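The lines below spell out each chain.
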4 protein chains.
Amino acid sequence: MKVVLGYSGGLDTSIIVPWLRENYDAEVVCMAADVGQREDLSRLHDKAARSGASELVVEDVRAEFVERFAWPTLRAGAVYSRRYLLGTSIARPLIAKRQVEVARRIGADALAHGCTGKGNDQVRFELTFAALAPDLRVIAPWREWDIRSREDVLAYASERGITLDVDPTRLYSRDENLWHISHEGGPLEDPACEPEESMFKWTVAPEAAPDEAESVDVAFERGTPVALGGTRMDGVALVEKLNALGSRHGVGRADVIEDRVVGMKSRGVYETPAGTILYAALRELESLTLDRRSIALKDELAPRYADLVYEGRWWTPEREALEALVGELLRDATGVVRMKLYKGSAWAVSRESERSLYREDLATFGESASYDHADALGFIKLFGLPMRAAAARDTREGDRVVAELLREVDRTATR
Amino acid sequence: MKVVLGYSGGLDTSIIVPWLRENYDAEVVCMAADVGQREDLSRLHDKAARSGASELVVEDVRAEFVERFAWPTLRAGAVYSRRYLLGTSIARPLIAKRQVEVARRIGADALAHGCTGKGNDQVRFELTFAALAPDLRVIAPWREWDIRSREDVLAYASERGITLDVDPTRLYSRDENLWHISHEGGPLEDPACEPEESMFKWTVAPEAAPDEAESVDVAFERGTPVALGGTRMDGVALVEKLNALGSRHGVGRADVIEDRVVGMKSRGVYETPAGTILYAALRELESLTLDRRSIALKDELAPRYADLVYEGRWWTPEREALEALVGELLRDATGVVRMKLYKGSAWAVSRESERSLYREDLATFGESASYDHADALGFIKLFGLPMRAAAARDTREGDRVVAELLREVDRTATR
Amino acid sequence: MKVVLGYSGGLDTSIIVPWLRENYDAEVVCMAADVGQREDLSRLHDKAARSGASELVVEDVRAEFVERFAWPTLRAGAVYSRRYLLGTSIARPLIAKRQVEVARRIGADALAHGCTGKGNDQVRFELTFAALAPDLRVIAPWREWDIRSREDVLAYASERGITLDVDPTRLYSRDENLWHISHEGGPLEDPACEPEESMFKWTVAPEAAPDEAESVDVAFERGTPVALGGTRMDGVALVEKLNALGSRHGVGRADVIEDRVVGMKSRGVYETPAGTILYAALRELESLTLDRRSIALKDELAPRYADLVYEGRWWTPEREALEALVGELLRDATGVVRMKLYKGSAWAVSRESERSLYREDLATFGESASYDHADALGFIKLFGLPMRAAAARDTREGDRVVAELLREVDRTATR
Amino acid sequence: MKVVLGYSGGLDTSIIVPWLRENYDAEVVCMAADVGQREDLSRLHDKAARSGASELVVEDVRAEFVERFAWPTLRAGAVYSRRYLLGTSIARPLIAKRQVEVARRIGADALAHGCTGKGNDQVRFELTFAALAPDLRVIAPWREWDIRSREDVLAYASERGITLDVDPTRLYSRDENLWHISHEGGPLEDPACEPEESMFKWTVAPEAAPDEAESVDVAFERGTPVALGGTRMDGVALVEKLNALGSRHGVGRADVIEDRVVGMKSRGVYETPAGTILYAALRELESLTLDRRSIALKDELAPRYADLVYEGRWWTPEREALEALVGELLRDATGVVRMKLYKGSAWAVSRESERSLYREDLATFGESASYDHADALGFIKLFGLPMRAAAARDTREGDRVVAELLREVDRTATR
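Residue numbers here run from 1 along each chain, matching the order of that chain's written sequence. All chains are assigned letters beginning at A, and all ligands numbers beginning at 1, according to the order in which they are written. This being a predicted model, a pLDDT of at least 70 is required before a residue's local features are given, and a value of 80 or more before pairs of side-chain atoms are given or counted; all residues contribute to the totals for chains, interfaces and linings. Only hydrogens and water are set aside; all other atoms, that is, all heavy atoms of the structure, feed into the side-chain values.

**Student:** How do you make sense of unusual backbone geometry when you look at a structure like this?
**Tutor:** Note: most peptide bonds trans; most residues except glycine with negative phi. Residue and element names in this part refer to chain A. Even without a glycine there, the phi angle at Lys343 is positive, about 50 degrees. Inspection of the secondary structure assignment puts Lys343 in the loop between β13 (335–342) and β14 (345–352). Between buried and exposed lies partly exposed: a residue is buried under 20% and exposed over 50% of the maximum accessible area for its type, with that area taken using a 1.4 Å probe on protein chains only. Judged by its relative accessible area of 3%, Lys343 is buried. Comment: elements are numbered from the N terminus, with helices defined as DSSP H or I runs of at least four residues and strands as E runs of at least two.

And the structure:
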C-alpha cells in the first residue's frame, strides 16, 4: 500500500509516518505545501527521511493560493463568525487537492492527514478527498490510534528512536500561511482571558505601533487587488508587502469565539493584516461603484460563501455558482482606495473610480439641475401606499377620510 | 387651518412658520423634541414666537428614544450600508409620532416638516404620518416653494424682518441626538476628500487620544445594556457615559458612502461612540451565548431590519415581527464583556456569561472525556455524503469503486 | 436499568423489547402515542406484554399534535423539499417529548427508539432527547445490533417464541398520523417508477373522484384555522373533516425526491389532504391581508422553518424565535377563503376579510379619486435613479445628455 | 421631433398617435412586437396609418422572447406573488429594448408608451429606457393628458375622425404572448368573486377537460427545455406545442392577488399552460440532480429574481449575476421528466437522468453495502452537539451528568 501524507514536519505528522508503516504496512510519501508559511521547507527533506518516509514532495502553491483561493474569498466578502477571514480554511482544499495530484502521479492507494478528530481541518481535507478522489482510501490516524496527548506522541517517537524538535514552552496551536497566522489553545481556552502580547507573531501591539499614521493606495480591477501605492504587482508580492505594512501598524488582529463544523464553540485569535486592509478597501470601492441592490445581494450571500469555505465544501457547484455571481457583481469595482493605518486600525479616507455611481449633482443639498424635489412627492406617496392602506383599514371611517384627503393632496400636487 | 410643525430653530424651520401662515393661512404650532442634542432648547420659545408661531411645545423624548428605538435597533444588530448605526433614522419615527400626538391633542388639521425633497428624512416623517395619522394633511414646504438656496432663505427671512442666527462659515449639514452626530455636505461631497479634523464635534482624533488604553465592562441582560463598570444605570445615563468614554478615545467615527431611499448615493460621516462600543460588545456576548444557527438567523435579518429603519418603515408589522424574533434569540444574551478603547478602536478582551455555550472540555485539543474523536468519522461521512455521491457520478466506474471503498472503510470503522 | 421505548407494535419495536432485556438487562416500559393513526391502540397492551414489556403507556396527543405542532408549521408556511408538508417530522418531537415525560415519571435511566440508522427519525428522536433529557442514556438498537433485514427480525422473534403479525405482501414503509400518511421503499425506490394506485391509503385517485367539484369555506383567525363551512370546531375535528373531504376528491398527494438529514436522496409519497387545502387557503388569505414585504419575509423564512422541523431541531431558540415572528406577521390573517376541490386539485375561488388590504379604488384601471397618475412619474424617476445613474456612467457624454434631459423632463413635469 | 411609440393597435395607442402629433408636434413611428400574441399583426399597418403614424415597424421577437427571457426566468424558478409566472413582465423589457433599437435606427428623439399611471408596465418600459437610452426623452400620455375613461378615448377619436374597433362588451384588460394570457379588471376587481368561465381564452375548464389523463415527456439540457415526447424542437415550437397540450387539459390557470410595483394590491388571472408544466418538470429534475444546498440556494434567490423581473429591473448587473449563478447551479439538470396532465393538474410521475444524484443503494431501508448504520451515531452526536451543550447549561448539574453520560456512550461506541 502506498500512502500520500500531508506533512508539516511537526510532532504529529512525524510519528504518523512510522505509524502508517507499522499499522498499514504502507510506503509513505510525504507532501509539504509551501503556502507562504515563514519557515525553511528545505529542512523537511531530512526530517521526513528520518521519520521513514520514502520521499518528500514539496509543492510551491503560493501563487495559486492567492489567486484562486484568497482572491475569490475576498471578492465574495466572506467572513466567518463575523470576524474570521478564513486564512486556514482556504488553504486546506488547495493542499488536499495537491495531495490528490501527487497520489495520482505516483499511483498511491490512500491519503492521510494529521488533523485531530475535534477540529475543522479533518473535515476540509476529507471533503476535498471525497470530491476529487472518492476512490482513494482515507486514513486519519488521530481518529484511529490510542495516542491522546503530546506526551504520548513523544513517547511513541522516542520508542522508535525518532528525534523531534520539541519546544517545551509552546503553548499554542498555530497555523501560518501567506494570508494569516492563527493561534488556538492554551490560555486562549478561557474566553475571559485576554491574549498575552507574546502570543502574537506578525503584528506589533497597537500600543507599540508608530505614532505617525501611514497611508497606502490600494487599486482594484473588477474587484481584484492589482496595485499598491500605484505599483502593479502580482498577488503574492501584494499580500507580502501589505502584510508588512499592516503588521507594522498593528492592523489585522481578531479574537473570535467561533462555532466549529463539528459542533462546539472554540476560540481563535488571528492575525491577517493584508486581508483586513483589503476587505475594508474593497467594501469602500463597492459602496462607490455598485448599486444598492447589488451590494445587498453580495452581503446576503457572503455568509453563505463563508460557511462553504469554513466547512470545507470548496469543491461544490454551490461555491462555483457564487463565484460566478460575484464575478458579475464586481465588474465595475475598479478604482483606488486610500487606506490609513494607525495603531491597530485601518480605515478609508478617499476613494476614486471611473466607474463611480456617486454623482455630486444628485447628492448635494445645494441647488442642482438634475433633481426635481417635486418627484419625491410621488415617490413617497407610492412607496408609502401599503402603509397608508393598512392605516386606513385600521382607522375608524378611515376609508372616507383618506379618500378625501388623497383627493385634496392630489389637487394640490397638480396645481 | 392648524398645523403642527416639527421645529428645530434652524434656518429652514424658522421661515417655514411665516410661509405656512402666508400660503395656508394657518395657525402654526411648533414642536421641538429633546432627543439629547447638545443645545439649550429653552431658547427656542422666543425664537419660535418671533417667527410667528402661536406656541412651541417641547417634548423630552430621551428615555423613550434610548429604550424603544436605540435598544431594539442595537439588539437587532442593524447597520445600514455596512457602517451606519442609524442614529438619525431612529429619531425620526419617534419625533414624528410625537408630532402626531401633539396634533391630536390640539386638534390640528395638518403636519409639516422642514426636510428637503432630496433626503431620507422626508420619507421617514411622512411614513410615520401615513401610519399613525393617515387622515391628517401633510405639508412639505421644500417640495412646494421656490426657495432653492440658503441665500433665498435669508432673503425670505429678511423681507419679513425675521433675524436668523447665521453662521456664515457653516459648511456641513448636521444632525445630533443622544446616539450620534452626523455630518453631510460641503467638502464631504467629494468622496475622494478626507474629512478635515475640525469637522468632528464629539470625538477626538485617534492621534489625539490618550496613549494609555482604557477598559470598560459592559453588562447586558437578555441583549439589553444595563450596566457599565459594574454600575447599573438607566439607558440615557449609560449612553451618555459611554459616549464620553468613547469620544475621549476617538472611538465611533464612520465615513460612509450610502444609498439614500430616494435613489442617489450620498456620503455621511457619523460619530457614534457609545453605539459602536455597544454593537461590538453585544456581538461578542452573542458569540458566547447563542448557538451558531441563531447567530446566522440574526445576521441574516439584521440588514432587513436596517433597511426598515433607514427607509422610515418603523411602524410596520414587519419591524414588529423582527423585534419579536430578536427578543427570543437574545434570551440568553446575559453577561459581561470587557471592551478596550484605544486610539480610535474598541475591541473585546474578555467575555463572561452564566449562559455561555462555550465548553472548554469540548473545545480543547488536549485530552477530554466529553468528546470521542471517532464520532467525527461518522459525521464527516454523512456530512460529505452528497459530495461523495456527486463525485461518484462524475468518476468513470465511480459507482463500483466507491461501493467497494465504502465497504472497506466500514469494515475498518467497525473493527 | 429502566428503559422507556417508543413503541408502535410493529416488527421492529416488538423484538427490541426482548433485545433490550437481553443486552441491557433492562426493564422495558413501552410508550405508544396516539397521534391519530387509524389503528386500534388498545390492542397493543397484550402485544407489548407478550414481547416482555413490563408496561405499556398509551398517550393521546392528538390535540397537542394539531394545536402545537401542525398549526405552527402551517402558519410558518413550512414546506420541505418544495412539496413535503412535514407530517412525520412534526410528530417526532412530540412523541419523544412524551417519552421523556414518561421516563421522568417512572424514574427511567434510558430512552430507546426503533428507528434505523439511515433515516431521519433517529435524528429527530435523539435531538429531542438531547434537548429535554441530556442526562438520560439513549439506546438505538438498529445502530448496535447485527440484525440487517426483515428475515433477521423474524428469525430473532421466532427464536424467542414471539408471534408477529406479518403481512408478507407488505411492500412499503409507512407512517400515519392525523396530518398525513407517508409511503417509502419498495417500488418507489426507482424514481422513474410511477406509484401504483393500490399504494395510496387515504385519497382516491383523481380519476376516481366525483365528477362534480365541491367547495368548502375555510375560516382563519390570526392565521389559525377555526371553522369549516361556517362551523367552528376544534383542531382535531377540523383536520379530520377536511381530510375526509379532500380524500374524496383525490386532493393532497405529493411524490417527492427529498434529501435526508443524513445526506442521501430518497423518495417519499405523501397524502396530506387537509394540510394541502389549509396551506393553499392560508396563502390566499395572506395575499389579501398582509403587505408585500411581510409576505416576502414570511416566504424567506419558511424554508428555514421547514429545515428546522425536518432536521429534528424543534426544541431550539431558533424555532421559537421564528414562531414569535410568524405570530406578529399573521395578526391580520383573519377571514374566509372558499376552496374548490376537484379531481386531485384544490384552489381558491373567493377570499374575504375585514382585515383586507386590497382596495378596489386603488386597483381599478377605471377612474378613481384615490390615485393620481402623475404620482407615478416621481416614483419611477426615483425608483429608476440608480439605473439611470449607471446608464449615464456607461454612455459617452452621458452626463451632459442626461442632465439636460432631466432638466427638460422636470420642466414638463412642473408645468 | 421624432417619437417611437410602442403600438398595439388598441384604443389607447390609436389615439396616442394623434395626441403626440398635436401636443408635441411630433412625427410618430409606431413599433409593434410579435411576441406570439394570437392576432394578425399585418392588419396593423393600415390602422397605424389611419391614426396618423408615419410608419409602422413590426418586429418578430418570438424566438428571442423564449430563449432570452422565458428560459432564464424559468431556469431561475422565478415566481412572483407565489403563483404568477411573469408572462407580461418578461415581455416588456424586450419590447422596450426593440423600441430603443428602432429609435436609434431612425434617429428618434423620444420614446412613448401607452401604459396607464397605475400599473406595472409603465415602470418596466421606462426602466428599460433609462438603462438603454438615458438620453432619449420619454413620453407617457396617460400621465399627462386629461383623458380618464374609455368614453373619453372614444370621444377623442371620433372628434378626429378615427374609427376604432370597439367591443362594447369587453370587460377585461388582457395581455397575451407566447408564454401566457392575463386577465385583469371588470368583475375580477372583487377578490371574493370567482372568475366566470367565459373569461378564459386559452384553457378549457378542468371540468371540460378529457376524462383520460395524458402524459408528456419533457427533456432538459442543463436546465433548458429541449424536447417534448422525445422530439427535439426549438423554443417557440416547444412552448406552442406544450401550450396546446396543457390548454386541452385545463392546466395553467392561476388566480392571484398580487402587489403592484406602485404599491397597491391588485388581482390578476393568468393562463400559462406550458410555463406551468415546465416549472413543475424542471423542479422535479432539480430534485434528482442537484444537491440539497444547491436547491436551497436556488430557492432562496428565486423570489429575488422574480422581484427584479416584475419590477422591470431586467437590465441590471443584479439580474445578470443571478443568471450566471443559475447557469452554474443547473449544469447537471439534464434529463427527462414525464408529466401527467389531467383535469387542471400537471404532476410528475417519472424522472430520469444520467446526472442523477439519487442512489438506490444509499436510500434503501433494505440491506446495502454502501452505508454503515453506525456512522449515524457520530453524525447525530456532532449534529446535536450545540443542542446538548445548551441543554446541559440549562439543566441543574447538567455538566456533570452530561460529561458522565458522554463518557459512557463513548465507551459503548468504541466497543
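What follows picks up the thread again.
**Student:** How should I be thinking about the pattern of salt bridges in this particular structure?
**Tutor:** Each salt bridge in this description consists of a side-chain nitrogen of Lys or Arg and a carboxyl oxygen of Asp or Glu lying within 4 Å of one another. Taken as a whole and judged by the stated rule, the model has 178 salt bridges over all chains. Taking the shortest distance from any N to any O, the salt bridge between A:Asp121 and A:Arg92 comes out at 3.1 Å. Of the two residues, A:Asp121 sits in helix α5 (residues 121–132) while A:Arg92 sits in helix α4 (residues 87–106), which places them 29 residues apart along the sequence. Note that B:Arg98 is salt-bridged to B:Glu59, the shortest N-O span being 2.7 Å. One end of the pair, B:Arg98, is in helix α4 (residues 87–106); the other, B:Glu59, is in strand β3 (residues 55–60), with 39 residues separating them in the sequence. Of the two residues examined, B:Arg98 and B:Glu59, each falls in the buried class. Put simply, A:Arg292, B:Arg304, B:Asp307, B:Glu311, B:Arg313, B:Glu318, C:Arg293 and C:Glu300 are held in one network by salt bridges that share partners.

**Student:** I keep staring at the relation of the copies chain C and chain D and nothing clicks. Help me out?
**Tutor:** Look at the two chain copies: a rotation about an axis and a shift along it is all it takes to match them. Mapping chain C onto chain D leaves a residual RMSD of 0.1 Å; the transformation is a rotation of 180 degrees accompanied by 0.0 Å of translation along its axis. The transformation relating the two chain copies, once decomposed into turn and shift, fits a two-fold axis. Most of the interface of chain C is mirrored in chain D, where 100% of its interface residues again form contacts. The atoms used to superpose the copies are C-alpha atoms, taken from residues with pLDDT of at least 70 in both, and the fit is least squares. Throughout, a residue-residue contact means that at least one pair of heavy atoms, one from each residue, lies within 4.5 Å.

**Student:** Can you help me understand the sheet that holds strand β12 (residues 265–271) of chain D in this one?
**Tutor:** To summarise the sheet geometry, strands pair through backbone hydrogen bonds and adopt either a parallel or an antiparallel arrangement. All names here are of chain D. Taking strand neighbours across the sheet as the criterion, the four strands line up as β6-β7-β12-β11 in an open arrangement whose pairing is antiparallel. Looking along the sheet, the strands with just one partner apiece sit at the ends: β6 (173–176) and β11 (253–259). Put simply, the sheet's adjacent strands are angled 25 degrees from each other on average, direction ignored. Strands qualify as paired when DSSP identifies two bridges or more between them. Relative to strand β7 (residues 181–184), β6 is paired through four bridges, and the arrangement is antiparallel. Bridge pairing in β7 links Ser173 to Glu184. Angles here are taken between N-to-C directions and fall from 0 to 180 degrees, while the axes themselves are lines fitted to C-alpha atoms, restricted in helices to the stretch in contact.

**Student:** Could you clarify how one ought to interpret the packing of aromatic side chains in this entry?
**Tutor:** For any two aromatic rings, the description comes down to two numbers: the centre-to-centre distance and the angle of the planes. Any two rings among Phe, Tyr and Trp, with Trp reduced to its six-membered ring, count as a pair given centres within 6.5 Å; such a pair is stacked if its planes are under 30 degrees apart, edge-to-face if over 60, and tilted if neither. Evaluated as defined, the whole model comprises 50 aromatic pairs over all chains. Aromatic pair A:Phe125 and A:Phe129: ring centres 6.1 Å apart, planes at 50 degrees, arrangement tilted. Remark: A:Phe129 and A:Phe125 occur in helix α5; sequence separation between them is four residues, near one turn of the helix. Accessibility assignment for this pair places A:Phe125 and A:Phe129 in one class, buried. Ring plane angle 15 degrees and centroid distance 4.1 Å describe the contact between D:Tyr84 and D:Tyr270, whose orientation is recorded as stacked. With D:Tyr84 in the loop between α3 (62–75) and α4 (87–106) and D:Tyr270 in strand β12, this residue pair connects regions lying 186 residues apart in the sequence. Across the pair, exposure class does not vary: D:Tyr84 and D:Tyr270 are buried alike. Two limits define a charge over a ring: the Lys NZ or Arg CZ must be within 6 Å of the ring centre, and within 35 degrees of the ring normal. The aromatic ring of C:Phe200 is capped on one face by C:Arg253, whose charged end is 3.5 Å from the ring centroid.

**Student:** Just checking my understanding: could you explain empty space enclosed by the protein for this structure?
**Tutor:** With a probe scaled to a water molecule rolled over the atoms, the places where space remains empty come into view. Within this scheme a cavity is a closed region of a 1 Å grid, computed over the protein atoms alone, that accommodates a 1.4 Å probe without allowing it to escape, whereas a pocket is open but has protein on both sides within 12 Å along at least five of seven lines; lining residues each have an atom within 4 Å of a point. Grid points are joined across faces, edges and corners, and a volume is the space filled by probe spheres set on the points. The calculated volume of the largest cavity comes to roughly 90 Å³. If you go around the largest cavity, the residues you meet are A:Leu385, A:Pro386, A:Ala389, C:Asp291, C:Leu357, C:Tyr358, C:Arg359, C:Leu362, D:Asp259, D:Gly263, D:Met264 and D:Lys265. A per-element tally of the lining of the largest cavity places helix α14 (residues 385–394) of chain A first, with three residues. In the scheme used here, Gly and all other residues not listed as nonpolar or charged are polar, with Ala, Val, Leu, Ile, Met, Phe, Trp, Tyr, Cys and Pro taken as nonpolar and Asp, Glu, Lys and Arg as charged. Split by residue class, the lining of the largest cavity holds seven nonpolar, one polar and four charged.

**Student:** Just to check I follow, could you spell out the confidence of the model for chain A for this structure?
**Tutor:** Note that predicted coordinates carrying low pLDDT should not be read in detail. Residues and elements named next belong to chain A. A score from 0 to 100, pLDDT tells how confident the predictor is in each residue. When pLDDT is averaged along chain A, the result is 92, and 93% of the positions lie at 70 or above. Taken as a whole, residues 405–415 scores under 50 in pLDDT and shows 20 contacts with residues more than four places along the chain or in a different chain. Taken together, the chains of this predicted complex give a pTM of 0.94 and an interface ipTM of 0.93.

**Student:** Mind showing me how you'd approach the sheet that holds strand β9 (residues 224–228) of chain B here?
**Tutor:** All names here are of chain B. A sheet is described by the order of its strands in space; here five strands give the open sequence β10-β9-β8-β13-β14, paired in antiparallel fashion. What marks the edges here is a single partner per strand, and that holds for β10 (231–232) and β14 (345–352). The pairing of strand β13 (residues 335–342) with β14 spans seven bridges and is classified as antiparallel. Within the sheet, the bridge partner assigned to Arg338 lies in β14 and is Ser350. Strands β8 (214–221), β9 and β13 of the sheet are contacted by helix α7 (residues 235–248), whose axis makes an angle of about 70 degrees with β9. Across the sheet, helix α8 (residues 273–289) lies against β8, β9, β13 and β14, angled at about 135 degrees from β13, the strand it touches most.

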